[in-house]
Number of protein chains: 2
Amino acid sequence: MAFFDELARIVGDSNVCKDAGTIERLARSTGPRQTTPVGVARPAKREEVQAIVRLAGQFHIPLFPISSGKNWGYGDACAPTDGNLILDLSRMNRIIEVNPDLAYTVVEPGVTQGQLFDFLEDNHLPLMMDVTGAGRSASIIGNLLERGSGHTPYGDHFATSCNYEIVMADGSVIQTGFGPYRNSQAQHVYKWGVGPSLDGLFSQSNVGIVTRATIWLMPKPEKFVMFIATLKTKDGIGPLFEAIRRLRLAGTLRSTLHCFNDRRLLGSATGFPWDRASGEQALELEHPDLFRQMCKEYGVPAWAATGSLQGSAVEVAASRKAVRHELKDVPGLDRLLFIGDGTFAFTQTLARSLRRIAPTSLLLRRLESIKLGRDMLLGRPSDATLKGSHWRARIQPTDSVDPLDTKSGLAWISPILPMTAAAIAEVSRLSEQTFHKHGFEYQATITSITDRALIAVQSISFDRSSETETMRAGRCQEELVQTLLDHGYVPYRGPSSIMRQVWAAAPIYWQTLAALKHTWDPAGIVAPGRYIDQPT
Amino acid sequence: MAFFDELARIVGDSNVCKDAGTIERLARSTGPRQTTPVGVARPAKREEVQAIVRLAGQFHIPLFPISSGKNWGYGDACAPTDGNLILDLSRMNRIIEVNPDLAYTVVEPGVTQGQLFDFLEDNHLPLMMDVTGAGRSASIIGNLLERGSGHTPYGDHFATSCNYEIVMADGSVIQTGFGPYRNSQAQHVYKWGVGPSLDGLFSQSNVGIVTRATIWLMPKPEKFVMFIATLKTKDGIGPLFEAIRRLRLAGTLRSTLHCFNDRRLLGSATGFPWDRASGEQALELEHPDLFRQMCKEYGVPAWAATGSLQGSAVEVAASRKAVRHELKDVPGLDRLLFIGDGTFAFTQTLARSLRRIAPTSLLLRRLESIKLGRDMLLGRPSDATLKGSHWRARIQPTDSVDPLDTKSGLAWISPILPMTAAAIAEVSRLSEQTFHKHGFEYQATITSITDRALIAVQSISFDRSSETETMRAGRCQEELVQTLLDHGYVPYRGPSSIMRQVWAAAPIYWQTLAALKHTWDPAGIVAPGRYIDQPT
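Computed from a predicted structure; not experimentally measured.

Some details on the packing of helix 7 (residues 237–249) of chain A against helix 14 (residues 421–437) of chain A
Residue and element names in this part refer to chain A.
Consideration 1: Contact geometry for helix 7 and helix 14: axes closest at 8 Å, N-to-C directions at 140 degrees. Here helix 14 runs oblique to helix 7, going by the angle between their axes. Helix-helix and strand crossings are classified by hand; for helix 7 and helix 14 the assignment is right-handed. Mapping the contact onto sequence places Ile-237, Gly-238, Pro-239, Phe-241 and Glu-242 in helix 7 and Ala-421, Ile-424 and Ala-425 in helix 14.
Consideration 2: Along the lines of polarity and charge, the residues of the contact of helix 7 with helix 14 split into six nonpolar, one polar and one charged.

Examining the sheet that holds strand 1 (residues 16–17) of chain B
Residues and elements named next belong to chain B.
Consideration 1: The strand order across the open sheet built from four strands is 1-2-4-3, with neighbouring strands paired in mixed fashion. Across the chains shown, the open sheet's two edge strands, defined by having one partner strand only, are strand 1 and strand 3 (63–66).
Consideration 2: Across two bridges, strand 1 lies against strand 2 (residues 39–41) in antiparallel orientation. Counterpart to Val-16 in the pairing with strand 2 is Ala-41.
Consideration 3: Packing of helix 3 (residues 46–59) onto the sheet brings it into contact with strand 2, strand 3 and strand 4 (85–88), and relative to strand 3 it is tilted by some 155 degrees.

Topic: the environment of Arg-46 of chain B
All names here are of chain B.
Consideration 1: Relative to the helices and strands, Arg-46 resides in helix 3.
Consideration 2: Put simply, Arg-46 and Glu-108 are 62 residues apart on the chain and 9.5 Å apart in space, counted from C-alpha to C-alpha.
Consideration 3: Apart from the residues within four sequence positions on either side, Arg-46 is in contact with Glu-165, Val-167, Val-173 and Thr-211.

Observations regarding the relation of the copies chain B and chain A
Consideration 1: Least-squares fitting of chain B to chain A yields an RMSD of 0.0 Å, with the superposition described by an axial translation of 0.0 Å and a rotation of 180 degrees. Taken together, the rotation and translation relating the two chain copies correspond to the operation of a two-fold axis.
Consideration 2: A shared binding surface is used by both copies, with 100% of the interface residues of chain B retained as interface residues in chain A.

Considerations on the sheet that holds strand 8 (residues 161–167) of chain B
Residues and elements named next belong to chain B.
Consideration 1: The strand order 5-6-10-8-9 describes an open sheet built from five strands, whose pairing is antiparallel. Where the open sheet ends on each side, the last strands, each with one partner, are strand 5 (95–99) and strand 9 (173–175). For this sheet, the mean angle separating the axes of adjacent strands, direction not counted, is 10 degrees.
Consideration 2: When strand 5 meets strand 6 (residues 104–107), the two strands line up antiparallel, connected through four bridges. Residue pairing for strand 6: Glu-97 is matched across the bridge by Val-106.

Some points on helix 11 (residues 313–327) of chain B
Consideration 1: An ideal rise of 1.5 Å per residue puts 21 Å on 15 residues; helix 11 of chain B measures up with 21 Å between its terminal C-alpha atoms.
Consideration 2: Inspection of helix 11 of chain B places Glu-315, Val-316, Ala-318, Ser-319, Ala-322 and Val-323 of chain B among the buried residues, and these make up the whole buried set. Seen from one end, helix 11 of chain B has its buried residues packed into an arc of 160 degrees, which puts them on one side. Among the exposed residues of helix 11 of chain B, those pointing more than 90 degrees away from its buried face are Ala-313 and Arg-324 of chain B.
Consideration 3: Those residues of helix 11 of chain B that are buried lie in contact with helix 11 (313–327) of chain A together with strand 12 (223–231), helix 7 (237–249) and strand 14 (303–311) of chain B.

So, the environment of His-188 of chain B
Consideration 1: Its place among the elements puts His-188 of chain B in the loop between strand 9 and helix 6 (199–202).
Consideration 2: Put simply, His-188 of chain B and Ile-395 of chain B are 207 residues apart on the chain and 45 Å apart in space, counted from C-alpha to C-alpha.

Let's talk about the interface of chain B and chain A
Consideration 1: Each partner contributes residues to the interface: chain B has 75 residues there, and chain A has 75 residues.
Consideration 2: Taken together, the elements giving at least two residues each to the side of chain B that touches chain A come down to helix 6, strand 11 (218–219), strand 14, helix 11, strand 17 (416–418), helix 16 (499–505) and helix 17 (507–520) of chain B.
Consideration 3: Sorting elements by how many residues they give to the side of chain B that touches chain A places helix 17 of chain B first, with seven residues.
Consideration 4: Residue composition of the side of chain B that touches chain A, grouped by class: 44 nonpolar, 22 polar and nine charged.

A word on the pairing of strand 8 (residues 161–167) of chain A
All names here are of chain A.
Consideration 1: Taken across its seven residues, strand 8 has seven buried, putting it largely inside the fold.
Consideration 2: Relative to strand 10 (residues 209–216), strand 8 is paired through five bridges, and the arrangement is antiparallel. For Val-167, the partnering residue across the bridge sits in strand 10 and is Ile-209.
Consideration 3: Note: strand 8 against strand 9 (residues 173–175), three bridges, orientation antiparallel. Looking across to strand 9, one finds that Ile-166 is bridged to Ile-174.

Structural notes on helix 15 (residues 467–486) of chain B
Residues and elements named next belong to chain B.
Consideration 1: Taking 1.5 Å as the rise per residue, helix 15 with 20 residues should run 28 Å; its terminal C-alpha atoms sit 29 Å apart, in good agreement.
Consideration 2: If you check which residues of helix 15 are buried, you get Glu-469, Thr-470, Arg-472, Ala-473, Cys-476, Gln-477, Leu-480, Val-481, Leu-484 and Leu-485.
Consideration 3: In the core, the buried residues of helix 15 are packed alongside strand 16 (408–413), helix 14 (421–437), strand 19 (453–463) and helix 16.
Consideration 4: Gly-488, located one to two residues past helix 15, shows a positive phi value of around 85 degrees.

Details of the confidence of the model for chain A
Consideration 1: With 100% of its residues at a pLDDT of at least 70, chain A reaches an overall mean of 95.
Consideration 2: Our summary of model confidence lists the complex with pTM equal to 0.96 and ipTM equal to 0.96.

Description of unusual backbone geometry
Consideration 1: If you check the backbone angles, Ala-103 of chain A has positive phi at about 60 degrees while not being a glycine.
Consideration 2: Inspection of the secondary structure assignment puts Ala-103 of chain A in the loop between strand 5 (95–99) and strand 6 (104–107).
Consideration 3: The buried category is assigned to Ala-103 of chain A, around which 24 C-beta atoms lie within 10 Å.
Consideration 4: Of note in the backbone geometry, Tyr-531 of chain B takes a positive phi value of approximately 65 degrees without being a glycine.
Consideration 5: Looking at the secondary structure, you find Tyr-531 of chain B in the segment after helix 17.

Considering the nonpolar core
Consideration 1: Of all hydrophobic cores here, the largest spans 311 residues; its most connected members are Leu-63, Ile-416 and Leu-454 of chain A together with Leu-63, Ile-416 and Leu-454 of chain B.
Consideration 2: The residues contacting Ile-416 of chain A, other than those within four sequence positions of it, are Ala-453, Leu-454, Ile-455, Val-490 and Tyr-492 of chain A together with Phe-178, Ala-186 and Tyr-190 of chain B.

Re the domain arrangement of chain A
Residue and element names in this part refer to chain A.
Consideration 1: Its domain assignment divides chain A into domain 1 (2–88), domain 2 (95–219) and domain 3 (223–410 + 460–465).
Consideration 2: If you average the C-alpha positions of domain 1 and of domain 3, the two centres end up 37 Å apart.
Consideration 3: With six residues of domain 1 at the contact, the number on the domain 3 side is seven residues.
Consideration 4: Of the residues in the side of domain 1 that touches domain 3, the class split is one nonpolar, three polar and two charged.

So, the packing of helix 12 (residues 341–357) of chain A against helix 13 (residues 362–377) of chain A
All names here are of chain A.
Consideration 1: The geometry of helix 12 relative to helix 13 is characterised by a closest axis approach of 9 Å and an angle of 135 degrees between their N-to-C directions. Here helix 13 runs oblique to helix 12, going by the angle between their axes. Seen along the crossing, helix 12 lies across helix 13 with a hand that is left-handed. Here Phe-344, Thr-347, Gln-348, Leu-350, Ala-351, Leu-354 and Arg-355 of helix 12 come into contact with helix 13, specifically with Leu-363, Leu-364, Leu-367, Glu-368, Ile-370, Lys-371 and Arg-374.
Consideration 2: Residues belonging to the contact of helix 12 with helix 13 are distributed by class as follows: eight nonpolar, two polar and four charged.

Cut-offs applied
Residues numbered from 1 in each chain as written. Chains lettered and ligands numbered in written order. Predicted model: local features only at pLDDT ≥ 70, side-chain atom pairs only at ≥ 80, totals over all residues. Axes fitted to C-alpha atoms, helices over the stretch in contact; angles between N-to-C directions. Helix = DSSP H or I, 4+ residues; strand = E, 2+ residues; numbered from the N terminus. Parallel < 35°, antiparallel > 145°, perpendicular 65-115°, else oblique. Left-handed = near helix turned anticlockwise from the far one by under 90°. Contact = placed C-beta atoms within 7 Å. Nonpolar A, V, L, I, M, F, W, Y, C, P; charged D, E, K, R; others polar. Pairing = 2+ DSSP bridges. Least-squares fit on C-alpha atoms with pLDDT ≥ 70 in both. Expected span 1.5 Å × (residues − 1). Buried ≥ 20, exposed ≤ 12 C-beta atoms within 10 Å, placed from the backbone. Arc of directions from axis to C-beta. pLDDT = per-residue confidence, 0-100. Core = buried A, V, L, I, M, F, W, Y, C linked by C-beta atoms within 7 Å. Domains from an automatic or database assignment.

Here it is in structure tokens:
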């Protein structure tokens, strides 16, 4: 086919694949639905992306750009429809600049969390980054374009990035913010530019292909204290977040607070007890005693939360006092631990001993989870976070932690909530009911993404190797998205498969966007159907 | 004319004007250029705006929407071209909701800073807002759509607002963020929504008319301390902002720091000495001794800066220590004063006595400027800030502080700079040279708008009643905009008259936007030429 010959001329033979093995690998999804591409091209630079876009326009082949393609739980590397060419940008992996004074870096889409972290450490730069729990191989630009979130004060990745370089569907190149101006002095430090600000238009979108971005970094804090709060009872979570809201609005707390429910925590500690339960119902319903016993065995509370404080030593001491004061009356509060550098060092010495003398002990597990939580709060990517994605997998992970390799099913439904106890109660009730109706454990994390908003990441963990379980997961996802939409809880992000429901919920809005898509990409070359619908 | 008859049918006779007096009043500008509208319509609600937009489409009359029209120094209420109908939204002035827990308000475009402030105070709400120095009558939505800035941690008005309701050029209505979804729970608390985020597209733009927005508010802080730093010498300003950058990046300082140079401070204290200077050259060049003497008389340092700390008492004490530590080595630092509630109350008792016994004393002036600075930092709008806009006016303000009434000329050139001493030095040098070449005092304020970016608001103050001075101001503005663009310093905002230069500096970018404008507003009904160029 002439298209692939031309493609090979642009990127070289070895960077175009359309063999069955590659196609099968790229078609895999953690979600209930998958699509099959026609092949993959791996450009090494922006000019090649431009040439591919023009070529795709001539041949009417839609392109689906991925950075590293690790969008687990939200559609992976799958295009909305079959027949796309996957445009894999992972070879474009240059760290173009790091500025230690102004605390930013300029990266290409292939740069991963692990790569940037290593670069900062290897060069002894006094900077830290924000990371997600998606592991070392996740792309920084890929995550920010999905408006993903992390754990530090820079947890909103879209908000802490700017100056996107974009290849448009006609092959032209623009930059956002102050990027388009020659010798631009403020392009890396100010997001909005002059005139309309376009960053938002290119996030969760398909009107262009982002080939470079500026990411803001943080100076390493003088003093850092992690805190862990655990709740004995479910109902403390609402009051906990009301307290967190006050602390965030007052400016005391700047990190995000991540809260994990018991079933989410259990899924990180171990796998589903396939030998003792059918998996046709949620474990907590089918075998409540077994569930309680497992929680006890793995030291799992009703909820566990991690957050951090940073600043000068006196500032951190002052903030610590404020946090303790606000959280003290949260119902069911079991422990509130503050872990500074000294305490942390001690826990890790202890962990080293335990690894020898009691490698399966509960205490060791706890100490290891402290390390993982601390890593996230300090912007250190870790593949250990991926362990939680294998709950219902029958193949347990060995070398690879990639949930695609273990056929771990993951469907994440992630509505945004106002930070109130009432909203948490309503979303939890609606979601748990739906999970239970379809026979899944209700796994949830709730994160304070801004001063007044929460993301509830609710995970349907299923066995992707079982056809019936995969179908059930698909029905559960569809029903829950609709139930939440009907109650006004809209997902902040999602796989392409849920977008029909989102479009139907706001038709005029999405038609307005489809008209814009048509203007900039009349042939529908860039990721047709990804977030923006095709014009009718 | 049938158009005006139809218009009167929509908004009522008394809300349509096209008499000479009204037109003359609306054509006034503080800037060097002005344009003449065909009349004004004042709708009372969104449905009327929709009807007007459709009517304007039928008659091919361009509309120029204003909220309160107080865009002093940046084009006032003037459309880019003659012949627009001014769409005055000031009657749409409902405060639709205030939520004290989640700390936000929902307002219409006519709501002014003064109105919202009074509402919060009158209802004893424990919330504060961020305000600009534009006085009580400035519109909140008008300012945020120009991406204006204030003094508190919520100083970036665009970043701290969401959920815009927009009348499109075809008369349809959309909302941004989570606004378009029925019964939407998170519409007021989360900016980005799902899919492309459009807030940026409607700011500094002309693709729709914003008729409602959510504005985030702050809880009143438990403890508040203002600080004032003054510099004896010019060259301390770079190191001062490098220290501020470290404090902001560390999270210690959350308010913006506003720095005023000597000529800007003098302009707030008094008027140009027309009896002793020609005004054909900058005062500091024509009469350096007189300038120095006036600075001495009015107690004006080389630079004065104001900022604030807020939080719990211990947190503020800790932050204060960190600020003192970072600023102690700034060259030329004269005073660093921290003013808490107690000290402030004492200064105001003193001021009351001085008003009787020494009403023109320097000390009283200082105490009054402390009050003004504190008001800004606490989100209290004040018309006293407008005093600084009358420097070269020959008519000195009496009842009205509106610079249009005193024929005060104001042209603000406001580039964004990275927060480094080098950038401040370069922009100051280029700008001061250009101001001096055209015979104007170099008045500048520099503000830390984010953790790593500054806005330098550089004011050409001129006598709008003098034709030659007005022409000189126009040439100075044009030359300085070009010089700064050539060096990579792009304005963050500006009057329509500078946009040709901005467009020419990034032609592909602006053509891409013009295509979008054409899609949503093919007849060019909404503010043609305002920020986005017409398609060619």
